[in-house]
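# Remarks on the overall topology
Each chain is listed here by its residues.
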Amino acid sequence: MSRDSLILGQIIGDVLDPFDPSVSLRIVYNNQQMFTGTDLKPSAVVNKPRVEIGGSDLRVFYTLIMVDPDAPNPSNPTLKEYLHWLVTDIPATTDASFGREIVCYESPQPHSGIHRMVFALFKQIGRQTVRTAPAVRSKFNTMDFAMEHNLGAPFAAAFFNCQREGGTGGRRWR
Amino acid sequence: MWSSEQDSNTTNPIPRNRTFGSSSSSSRSSPSSNASIIFPQTPRRSMEDVWKDISLMTPLQNHYHGSNNHHHPNHHHNQHQNHFHLSNKSNSSFKGMILQDFLAGPLNRPLSISPPIDHPTLPPIPTPNLPPTSLSLNSGLDFGYLGNSPSSNSSSGDSRVTGRATETSSFISPALNDMITGPSSPGNILSFCSKKRVPEGSMVGGDRRQKRMIKNRESAARSRARKQAYTNELELTVQTLTQENDKLRKQYDQLRHSMEGQQTTRNTLQRCTSSPF
């Protein structure tokens, strides 16, 4: 269902492998819930959002990864993917502020094109399984990172579209 | 007439040789000169006429092949020489060719469109001879540009101007005055491709056009994907919200009924135990 949006937006394929969403993920920017596929300008996403995780057991921990697979330009993504945010040890039923921010939130500033900003949630097998931050933000690979840290398949994902502040809004279909 | 033109063409120095090269460029120049002469007198010709001319000329000018590239509307690089040449020859035919060729690919252009047909005011490509500094970058005849008269290229021009009649039109007009007679008016004349002045071979121009086209297609596909993803998500949300709304309404009604029931009982006095004394 919401997985279809991820397939249509090519998130499954470019960033993540196919999976079945099993935990609710609610992302709130500026007190407004962000639905997958919406457009947000950089001014709206300057500060980190509130990310509420579903689930039921406080002893289950999740890792949240936010990447930009279209850096620096969707038609030429040489820096794919660019890591914007990495938070681990988030207990279920809480939000990201309860976790450990390993890579701090960097607000998206796309220079050209319309970029997809992807949130992916992974379940950790235990606490503190993710410790080391990558050396650079660019050329990040979410699935490889998940494999290295035994995170398995994603449990939830969402994305929004972001273009530069003065952007014209893309092709006219709205 | 054509032959004479050709001779003149060959003598014309054309600094930039596109792959189709000197011959084509030279031929271009000649047609232009002829064109300039011709234009004023020739009324608009139908495409069929032009096409006929072209096909007649075809055997004569095999070397002109390849210049058709410029017809691509998308791609405005470089093509100048070739298509200047072509434009002169057969504007209308180009048009026809362009459509087919455009669909078929950049290198399918009919080669021989050589003789500068009386250039009707048909499809655009006027390539006035601009001073050497002005380089025409646009490759193709855009259909949009129709209209005018291929200007004369005679002589010096390396610059082939194709493409949009935008900014350069004013730039062109002084140069054109001498060269271009007839139907081409500054307004009609295509201007240079505004920003891209890259001296390259015509082959590269064709590749660039292809690349541009591919990139554009990818961008369009991404845009469609975005749109679909957004709509899908929106529909999902609407569905969830509607269901939640119905559920909440039911709950509310149930609660209200049970409340009412309780209230009726409360309206009557009830006995209760009082303190014993």
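Details of the structure are given in the entry above.
Please read all numbers here as calculations on a predicted model, not as lab measurements.

The rules we used
Residues numbered from 1 in each chain as written. Chains lettered and ligands numbered in written order. Predicted model: local features only at pLDDT ≥ 70, side-chain atom pairs only at ≥ 80, totals over all residues. Heavy atoms only, no water. Helix = DSSP H or I, 4+ residues; strand = E, 2+ residues; numbered from the N terminus. Buried < 20%, exposed > 50% of the residue type's maximum accessible area, 1.4 Å probe, protein only. Contact = heavy atoms within 4.5 Å. Areas by Shrake-Rupley, 256 points an atom, 1.4 Å probe, with all protein chains shown as cover. Pairing = 2+ DSSP bridges. Axes fitted to C-alpha atoms, helices over the stretch in contact; angles between N-to-C directions. Core = buried A, V, L, I, M, F, W, Y, C linked by side-chain atoms within 4.5 Å. Salt bridge = Lys/Arg side-chain N within 4 Å of Asp/Glu carboxyl O. Buried area = accessible area lost by both parts, 1.4 Å probe. Polar contact = N/O pair within 3.5 Å; in protein donor to acceptor, adjacent residues only side chain to side chain. Nonpolar A, V, L, I, M, F, W, Y, C, P; charged D, E, K, R; others polar. Phe/Tyr/Trp six-rings, centres within 6.5 Å; stacked < 30°, edge-to-face > 60°.

### Some points on the overall build of chain B
From N to C terminus, chain B includes 7 helices and 0 strands. Going residue by residue from the N terminus, the α and β elements of chain B occur as α-α-α-α-α-α-α. Expressed as a percentage of its 277 residues, the buried residues of chain B come to 49%. Residue pairs in contact within chain B that sit at least 24 positions apart in sequence constitute 84% of those at least 6 positions apart. By element, 57% of the accessible surface of chain B is carried by carbon and sulfur atoms, the whole surface being about 13300 Å².

### Looking at the overall build of chain A
When its secondary structure is counted, chain A shows 3 helices and 8 strands. When the helices and strands of chain A are read in sequence order from the N terminus, they spell out α-α-β-β-β-β-β-β-β-α-β. Here chain A holds 174 residues, and 49% of them are scored as buried. Contacts spanning at least 24 positions in sequence make up 75% of the contacts within chain A whose residues lie at least 6 apart. Summed over all atoms, the accessible surface of chain A reaches about 8300 Å², with 49% contributed by carbon and sulfur.

### Notes on the sheet that holds strand β2 (residues 32-33) of chain A
Strand pairing in a sheet relies on backbone hydrogen bonds, with the paired strands running either antiparallel or parallel. Here we have 3 strands laid out as an open sheet, ordered β2-β1-β3 (chain A), and antiparallel in their pairing. Of all the strands in the sheet, the pair left with one neighbour each is β2 and β3 (50-53) of chain A.

### Remarks on the sheet that holds strand β7 (residues 115-123) of chain A
Residues and elements named next belong to chain A. Strand order in the open sheet formed by 5 strands is β6-β5-β4-β7-β8, and the pairing between neighbours is antiparallel. Looking at strand neighbours, the two that pair on one side only are β6 (100-103) and β8 (154-162), the edges of this open sheet. With direction set aside, neighbouring strand axes in the sheet form an average angle of 15 degrees. One ladder, built from 6 bridges, connects strand β4 (residues 61-68) with β7; its direction is antiparallel. Bridge assignment links threonine 63 to a residue of β7, and that residue is phenylalanine 122.

### Regarding unusual backbone geometry
Residues and elements named next belong to chain A. A cis geometry characterises the amide bond from alanine 71 onward to proline 72, with omega recorded as -10 degrees. Looking at the element boundaries, proline 72 is found in the loop between β4 and β5 (82-91). A cis amide bond links lysine 80 with the next residue in sequence, glutamate 81, at an omega value of -15 degrees. Although it is not a glycine, asparagine 31 adopts a positive phi angle of roughly 65 degrees. Following the sequence through the fold, asparagine 31 ends up in the loop between β1 (25-29) and β2. You will see that threonine 93, though not glycine, has its phi angle at about 70 degrees, which is positive. Assignment of secondary structure puts threonine 93 in the loop between β5 and β6.

### Re the nonpolar core
Nonpolar side chains tend to gather and get buried jointly when the protein is soluble and globular. Residue and element names in this part refer to chain A. Residues Leu25, Tyr29, Leu64, Trp85, Phe119 and Phe160 are the most contacted members of the largest nonpolar core, which totals 25 residues. Going through the elements one at a time, β1, β3, β4, β5, β7 and β8 are the ones with two or more residues in this core. With 4 residues, the single largest contributor to this core is β8. When residues no more than four places from it in sequence are discounted, the contact partners of tyrosine 29 are Met34, Leu40, Ala44, Val45, Asn47, Lys48, Pro49, Met66, Tyr105, Phe119 and Phe160. Val15, Val103, Phe140 and Leu151 belong to the second-largest nonpolar core, a separate cluster that totals 24 residues.

### With respect to the pairing of β5(A)
Residues and elements named next belong to chain A. The buried fraction of β5 amounts to 9 of the 10 residues, a majority that puts the element mostly inside the structure. Sheet analysis places β4 next to β5, joined by 7 bridges and oriented antiparallel. Looking at the pairing, isoleucine 65 lines up with leucine 86 of β5. Examined bridge by bridge, β5 and β6 share 3 bridges and lie antiparallel to one another. Bridge pairing in β6 links valine 87 to glutamate 101.

### Describing the pattern of salt bridges
All names here are of chain A. Within the structure shown, the criterion is met by 9 salt bridges over all chains. As a salt-bridge pair, arginine 116 and aspartate 14 come within 2.9 Å of each other at their nearest N and O atoms. Of this pair, arginine 116 sits in strand β7 while aspartate 14 sits in helix α2 (residues 11-14), and the two are 102 residues apart along the sequence. Between arginine 137 and glutamate 106 there is a salt bridge, with the nearest N and O atoms lying 3.2 Å from each other. Of the two residues, arginine 137 is situated in the loop between β7 and α3 (142-148) and glutamate 106 in the loop between β6 and β7; the sequence distance between them amounts to 31 residues.

### Considering the interface of chain B and chain A
Facing 16 residues of chain B, the contacting portion of chain A comprises 18 residues. Where chain B abuts chain A, roughly 1700 Å² becomes buried across the two surfaces, and 59% of that area is made up of carbon and sulfur atoms. On the chain B side of the contact with chain A, Arg226(B), Tyr230(B) and Glu233(B) bury the most area, a combined 34% of that side's loss. Connecting chain B to chain A are 0 salt bridges. The tally of links between chain B and chain A comes to 3 residue pairs in polar contact (both at pLDDT 80 or more). Of the residues belonging to the side of chain B that touches chain A, the class tally is 5 nonpolar, 6 polar and 5 charged.

### Quick word on the packing of aromatic side chains
All names here are of chain A. Taken as a whole and judged by the stated rule, the model has 5 aromatic pairs over all chains. Plain terms: the ring middles of tyrosine 62 and phenylalanine 155 are 6.1 Å apart, the flat faces sit at 65 degrees to each other, and that makes the pair edge-to-face. With tyrosine 62 in strand β4 and phenylalanine 155 in strand β8, this pair connects stretches of sequence that are 93 residues apart. For phenylalanine 155, a relative accessible area of 22% corresponds to the partly exposed category.

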